[in-house]
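Residues per chain are reported as follows:
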Amino acid sequence: MATLLTVASCWAAVLLAAPGWASDLVPGSTLNQTTADAAKDLLPPEIYEHYKKGEYANPIVDFPDSAFKWDDGFAEATEWNRANLVLDALKQPIDKATGKRPDYITGHPFPDIRENDPDAGVKVIWNLLYQVYNTGNIHTVSSLDWLSRTGMDRTAGQDGYFLYYDGQPRHYIPPENPDNYLSLFLAVTTSPADLQGTVGLGHRFKDPSKRDLQWAYVPALRRVRAVSPANRSDGFLGSDMCQDDGNFFDGKPEDFTWKLIGQRDTLRLTDPDALAGKVVRKPLPGGGWRTPFANNDRSVGFQMKDWKGVAWAPVAAGLAKRKVWVVEGIPKDRYYLFGRIELWIDAYTYQGAWSRKFSWRGELLNVFQSMSPPSAPFNDKERGPGQTFGYQLAENVKLGRATLGGRLPPGNGPQDLRVPLEPSFFNYDALNRFGK
C-alpha cells in the first residue's frame, strides 16, 4: 500500500509540475466558471469569456499523440513528401524533380514546419487540407441549426456528398481524372418546406489558377444558376456558417496570403467517449463505413433540460491540451467578407481547433469552433477520425447567436466515410434530379 501511495503521489506531482498545466486543469478536472482563470492563456479570449461567465463547462481529458493513428503507408508517404515536395510560385505542392504537381499525394505534404520559413503558413494549410482529404469520400445527413443564446430558432436538414481525388487511399479515388479535379461536392437541403429542394454543386480543380465551378438550383425560381466562387464567405442559407468553413477550412490556399504567427498551447474540444474507445464503425453493404452517433441527443446545451449556459455550448465535449500552429490568412479578394482569418491547427494531427474571423477594420466578427476527435479503425489497415457526436459551430460574436452543424437529425441518418462515389453523380443534371 505504501508503494502505491508513493507512486500516486509522484504521479500527481508530475502532473502539477507539467509546463502550462495549472493544478485545477489536470485530466479529470473540469473547466467552468470557478476554474476559468487557469485557462485564460490557453483559449481564444472570446472562448475564455464563455467559461468565465458560466456559459460553457467541460471536463479536462488527456489526448496523447498516440490516440491518433493514420492508415498503413501514411508515414512512408509523409517521408517521401519530406524529401520531394516543395511549393511552386503559385504556392501549390509540386515534385521538385519534375516541377509538376504529383497525380497523387497522401500523408502530410510538408511535415517539417519551421517558424523562420516565410512559406510555413501555407504549408500548415496544405497539411490541414490533406488531413481532411485523407478522411475520405463522405455521405452525411445532418442538421444546420440557427441558435439564439436561449434556444433553437430554426433548423434545416442537409444531405451532403463529397468526393476527393487526392489524400485518401487510392482505391477510393476514381481511376481516371481527365478534368484534373481535386474534389466534387453536392449538397441538398431536405427541410424545412421553404428551403427543401435547394441544391448546391461544386467542382474544385488541382490547377491553382482555375477557379471553382459552382451551381445552385433554387426552387423558387425553378432553374439552375451559376454561382460565383467569390461569395464563399457569405452565410450559407442566411446562417452564420459559410462555405469556406467546410471541414474547419475549405477555402483555396492560393486565394489567401498566409503567415505563420507561431506555435502555442491551447485547450481544444474533443470527444471523451471516442478517447475511451467507444466509437462504433459499421461496414456498409456497398462499401465504406458508417459511424453511428451515440451522443447525438445530448451533445449541445439546448438539448439538456437543466442547462444554464448558452444554447450552443458543447456540453458533450471534453477539453484536451494540445500544441497548435496559429496561422493568419489575408484574402486576396477585397470583397471577401472577412479581412483576416486566424486558424489554430493541431501541430500533430493537423485538425482544426479554433478559427477567428475579423473584419477589414480588425474587429472580431465570428469564431468557428470545431470538435476534433481521436482516430478509430476502419479495418486492419485503415484508420481515420472517429467520434460519437458531431459539433462544428460558427458563433456570431457581434450579434450573440450561432449556427451549429454536424448534429444528426432524428433517425438513423448516414454519417458515412470512404464510401464509393462516381464522378457522374456530381454532374449538372444532379441539380434538377435532386431539386424539387
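Just above sits the structure.
Report follows, based on the coordinates.

1. Points about the packing of aromatic side chains
Describing an aromatic ring pair means giving the distance of the ring centres and the angle of the ring planes.
And then number 1: Evaluated as defined, the whole model comprises 20 aromatic pairs.
And then number 2: A ring pair is formed by Trp289 and Phe378, whose centres lie 6.3 Å apart and whose planes are at 50°; its orientation type is tilted. With Trp289 in strand β13 (residues 289-290) and Phe378 in the loop between β18 (375-377) and β19 (383-385), this residue pair connects regions lying 89 residues apart in the sequence. Phe378 matches Trp289 in its accessibility class, with the two residues each being buried.
And then number 3: Here Arg281 stacks its cationic end above the ring of Phe378, 4.2 Å away from the centre of that ring.

2. Quick look at the pattern of salt bridges
And then number 1: This model, assessed by the stated rule, comprises 32 salt bridges.
And then number 2: Here Lys91 ties to Asp119 by a salt bridge, and the two come within 2.9 Å at their closest N and O atoms. Of this pair, Lys91 sits in the loop between β3 (85-87) and β4 (93-95) while Asp119 sits in the loop between β4 and α4 (120-135), placing them 28 residues apart in sequence.
And then number 3: Taking the relative accessible area as the measure of exposure, Asp119 reaches 22% and is therefore partly exposed.
And then number 4: The partner of Asp245 in a salt bridge is Lys357, with the nearest N and O atoms 2.3 Å apart. With a gap of 112 residues between them, Asp245 in the loop between β10 (223-227) and β11 (256-270) and Lys357 in strand β16 (residues 352-358) connect regions that are remote in the sequence. Each member of the pair, Asp245 as well as Lys357, carries the same accessibility label: buried.

3. Focus on the nonpolar core
And then number 1: Ranked by internal contacts, the top residues of the largest apolar core, which has 42 residues, are Ile113, Val124, Ile125, Phe249, Trp258, Leu343 and Ile345.
And then number 2: When residues of this core are traced back to their parent elements, those giving at least two are β3, α4, β5 (138-147), β6 (152-164), β11, β14 (318-331) and β15 (340-346).
And then number 3: If you tally residues by element for this core, the top one is α4, at 10 residues.
And then number 4: Ala316, Leu319, Val326 and Ala353 belong to the second largest nonpolar core, which has 33 residues in total.

4. Quick notes on the environment of Asp95
And then number 1: Mapping Asp95 onto the fold places it in strand β4.
And then number 2: Taking the relative accessible area as the measure of exposure, Asp95 reaches 12% and is therefore buried.
And then number 3: Considered as a pair, Asp95 and Asn432 are 337 residues apart in the sequence and their alpha carbons are 40 Å apart.
And then number 4: Apart from residues no more than four positions distant in its own chain, Asp95 is found in contact with Trp80, Asn84, Leu85, Lys100 and Pro102.
And then number 5: A polar side-chain atom of Asp95 sits 2.9 Å from the main-chain amide nitrogen of Ala97.

Rules of the game
Residues numbered from 1 in each chain as written. Predicted model: local features only at pLDDT ≥ 70, side-chain atom pairs only at ≥ 80, totals over all residues. Heavy atoms only, no water. Phe/Tyr/Trp six-rings, centres within 6.5 Å; stacked < 30°, edge-to-face > 60°. Helix = DSSP H or I, 4+ residues; strand = E, 2+ residues; numbered from the N terminus. Buried < 20%, exposed > 50% of the residue type's maximum accessible area, 1.4 Å probe, protein only. Lys NZ or Arg CZ within 6 Å of the ring centre and 35° of its normal. Salt bridge = Lys/Arg side-chain N within 4 Å of Asp/Glu carboxyl O. Core = buried A, V, L, I, M, F, W, Y, C linked by side-chain atoms within 4.5 Å. Contact = heavy atoms within 4.5 Å. Polar contact = N/O pair within 3.5 Å; in protein donor to acceptor, adjacent residues only side chain to side chain.

Function cannot be read off these values alone, since they describe shape.
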